[in-house]
Amino acid sequence: WSMILDLDGLNMRHLWRPGVKALLHIIEICEANYPETLGRVLIIRAPRVFPILWTLVCPLIDETSRGKFLFYAGTEGRAENFAMSPGGLRDYIPEDCIPDWLGGPANTGIPEGGLVPKSLYMTPQEFEKDQSPGPHLMDNSCYQSIALNKGQVHEVLIQNNDKGSVITWDFDVMKHDLVFTVFRTKEVVQTKLTPCTGLTTNTIISDPVQHTSIGRGWKEGTEYFRVETPIVCHDGESIQGSHVTNCTGSYILQWSYFDRAL
């Protein structure tokens, strides 16, 4: 049997720790339960960002399983190319089983993707009851909770040593609105704060007491730079994103209390 893995819509905001571990969880289920019967894993509509994800995941996949992966790049919406072109899906899947949204005749009833509704998320209790193999997404959590009052900020300082590194963020807004911004400083920022953990070889510093690393009197565009457009995050929202660094040095992820009166 063969498995189709549709990566349409994959982008940099998915390259965060639980997302990568979830993909590994799927792969380990296949390796543990169907090691000899799995024919091919057909990865379709792989976007340009996929090589980054594959570089992270590839070393963790069994060599035998890794040889069963086939990749199909995006085709600008021409779904029939996946089914009918030489080396396409029909070479590995019976033509009458190819989904209609990939150019085949089968009406599978499976939607063509999109966001998973939060109503379908597993609760921590449900996850602990799950006996299937794979990494536990709830173990060694890298998340923390921070409360901000009016005029306060929370910052995570990243000392980036590799130009081209990808900084990712994932957070939920539990109460009130806030503004999220990413800065880069001209000079390396020195701090006495305590490092926190993360999926990176760079140094990450978390500020638990609402101090800013941006020096008093610093001018934006000279001593520091805004590398991501500030976004207002509303109560109840879940925010994910990423930034590809163009420089080494200090990057600041900043959350600030949003005052509607301003």
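Because the structure is predicted, anything quoted here is derived from the model rather than measured.

Visitor: Would you mind showing me how to read the pattern of salt bridges here?
Guide: A side chain of one charge can pair with a side chain of the opposite charge if their charged atoms are brought near each other. One pass over the structure, following the stated rule, counts three salt bridges. Among the salt bridges present, the one from Arg45 reaches Asp6, with a minimum N-O distance of 2.6 Å. Placement of Arg45 in strand β2 (residues 40-46) and of Asp6 in strand β1 (residues 2-6) is noted, with a sequence separation of 39 residues between them. Across the salt bridge formed by Lys150 and Asp259, the nearest N and O atoms sit 3.2 Å from each other. In this pair, Lys150 sits in the loop between α5 (124-129) and β4 (153-160) while Asp259 sits in the segment after β10 (249-257), placing the two residues 109 residues apart along the sequence. Residue Asp259 is classed as buried on the basis of its relative accessible area, which comes to 17%.

Visitor: Sorry, what's going on with the packing of aromatic side chains here?
Guide: Each aromatic ring pair is specified by the distance between its two centres and by the angle formed by the two planes. Under the criterion given, the structure shown has seven aromatic pairs. Centre to centre, the rings of Phe171 and Phe180 are 5.3 Å apart; their planes meet at 50 degrees, and the pair counts as tilted. Pair check on accessibility: Phe171 and Phe180 agree, each one buried. Ring centres of Phe180 and Trp255 lie 5.0 Å apart, and the angle between their planes is 50 degrees; this geometry places the pair in the tilted category. Taken as a pair, Phe180 in strand β6 (residues 178-185) and Trp255 in strand β10 lie far apart in primary sequence, 75 residues in all.

The rules behind these values
The written sequence of each chain sets the order in which its residues are numbered from 1. Residue-level local features of this predicted model are given only where pLDDT is at least 70; pairs of side-chain atoms are given and counted only at 80 or more, and the full residue set underlies all totals for whole chains, interfaces and linings. Side-chain metrics in this entry use all non-hydrogen atoms of the structure; hydrogen atoms and water are not considered. The rule for a salt bridge is simple: a side-chain nitrogen of Lys or Arg has to be within 4 Å of a carboxyl oxygen of Asp or Glu. Only DSSP runs of H or I with at least four residues qualify as helices, and only runs of E with at least two residues qualify as strands; both kinds are numbered from the N terminus onward. Accessibility here uses a 1.4 Å probe with only protein chains present; expressed as a share of the type maximum, an area under 20% marks a residue as buried, one over 50% as exposed, and anything in between as partly exposed. The aromatic pairing rule takes the rings of Phe, Tyr and Trp, using the six-membered ring of Trp, and pairs them if the centres are within 6.5 Å, calling planes under 30 degrees apart stacked, those over 60 edge-to-face and the rest tilted.

Honestly, that's just the spatial picture; any functional story needs more than this.
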